[in-house]
Amino acid sequence: MEGACLEAENLTKGRFNGTCTATFTSVFTGLSAQFTHSQLLLFVAAYKDSIASVHQDGGVTATDTQYNAPWALDRIDQGTLPLNGQYNYVSSGSNVNVYIVDTGIRTSHDEFMYADGSPGSRAREVFTSLSSGIAGQDCNGHGTHVAATVGGLTYGPAKNVTLLAVRALECLGNGTVAQVIQGLEWVKDNFIPPAAVVMALGGESQYALDLAVAEVVQAGVPVMVAAGNEDTDACLTSPAREPLAITVSATDQNDSRLWVSAGTGANYGTCVDIWAPGYDILSASNTADNATEYRSGTSQAVPFVAGAVAIYLQNNTGLSFPPA
């Protein structure tokens, strides 16, 4: 192999003119080299009797592990049960912006600190369509819980994502379609890619809301929405019925559809694109900077998918959306 490397780099012989970067003699006999396509063809032809295979060099990444992970976080990194108590990840959503259309975010919460210990918060409010409430706060708690389930240091899959509050729901957790559309319009006009939108909300069928979601997606931003908790067909609600949205329904710890009683359970049907954990989800609370709480529902399933999408966007920066 040393001879092959030397010949690969030998310009005077006029054969290959490649760049040999390493030789291997113990684990197997081989070499690593940089060739143009034509140089590689010449080299393989010359050594065809000695070559078993040729492969393009690739990359590897260190894997981080969160031990004693919450059950839902543990669930999303493995294909089947039983759980192993760990959340393993190679990326954390760095440089991805996730817009949380909700009740706001308690931006000072410990869960939103930087993964490397840098000062400041990864969460901030960028827009509100409301005349009430306080910027950078969450008077309900729903938005804070959702945001930390996307990108909290302890409870989220995308632990270094930027979380941007689009405050469109009031303190009771409700709002008008017009208020939500205002938030979506702001995102469409101002988003910084790579980006994603989380809408852990829904209601009766509303064409205008469906259209607004579709327009954001067409602008290049994936939108994750809740399937709803009415124990009915998700195709009867908005924006869950919008085909361009990623509609998320919820499962329990047994991978079954989350169901409480007749009329109260995760929505289902052909409009559901993906299922994620949504039962007894522990995440950040709005009551204090270190407070936590349990919540259940499709609103809790949506952010797990959003976190996974953020990680995907981090690793696929040239991705066009929606895919052709």
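Refer to the preceding data block for the structure.
About the cut-offs
Every chain is numbered on its own, with residues counted from 1 as its sequence reads. Whole-chain, interface and lining totals are the exception, using all residues; otherwise, since this is a predicted model, local features are given only for residues with pLDDT of at least 70 and side-chain atom pairs are given and counted only at 80 or more. As a convention, hydrogens and water are excluded, and side-chain values are obtained from all of the structure's heavy atoms. Helix numbers and strand numbers start at the N terminus; a helix is a DSSP run of H or I with at least 4 residues, a strand a run of E with at least 2. Relative accessibility under 20% of the residue-type maximum defines a buried residue, over 50% an exposed one, and the middle range a partly exposed one, all with a 1.4 Å probe and only protein chains included. The term salt bridge refers to a pairing of a side-chain nitrogen on Lys or Arg with a carboxyl oxygen on Asp or Glu at a separation within 4 Å. To get an axis, a line is fitted to the C-alpha atoms, and for a helix only the part in contact is used. The angle between two axes follows their N-to-C directions and goes from 0 to 180 degrees. Each helix crossing is assigned a hand: it is left-handed if the near helix lies turned anticlockwise from the far helix by less than a right angle, otherwise right-handed if that turn is clockwise. Whether two residues are in contact is decided by their heavy atoms, any of which lying within 4.5 Å being enough. Any residue that is not Ala, Val, Leu, Ile, Met, Phe, Trp, Tyr, Cys, Pro, Asp, Glu, Lys or Arg is counted as polar, Gly included; the first ten are nonpolar and the last four charged.

Another aspect to go through is the environment of lysine 48. By the element assignment, lysine 48 lies in the loop between α2 (37-46) and β3 (64-67). A relative accessible area of 56% places lysine 48 in the exposed class.

On to the pattern of salt bridges. Within the structure shown, the criterion is met by six salt bridges. In this structure, arginine 167 and glutamate 125 form a salt bridge, with 2.9 Å as the shortest nitrogen-oxygen distance. Here the residue arginine 167 occupies a position in strand β7 (residues 162-167), and glutamate 125 occupies one in strand β6 (residues 123-128), the gap between them amounting to 42 residues. When sorted by exposure, arginine 167 lands in the same class as glutamate 125, which is buried. One salt bridge in this structure joins arginine 241 and aspartate 210, with 2.5 Å as the shortest N-O distance. Of this pair, arginine 241 sits in the loop between β11 (237-238) and β12 (246-251) while aspartate 210 is found in helix α6 (residues 207-218), placing the two residues 31 residues apart along the sequence.

Now for the packing of helix α4 (residues 142-151) against helix α7 (residues 298-315). Viewed as axis vectors pointing N to C, α4 and α7 meet at an angle of 35 degrees, and their least axial separation amounts to 7 Å. Judged by the sense of rotation from one axis to the other, the crossing of α4 with α7 is right-handed. Counting all contacts with α4, which are made through His142, His145, Val146, Thr149 and Val150, the residues of α7 involved are Ser299, Gln300, Pro303, Phe304, Ala306 and Gly307. Within the contact of α4 with α7, the residues separate by chemical class into five nonpolar, six polar and no charged.

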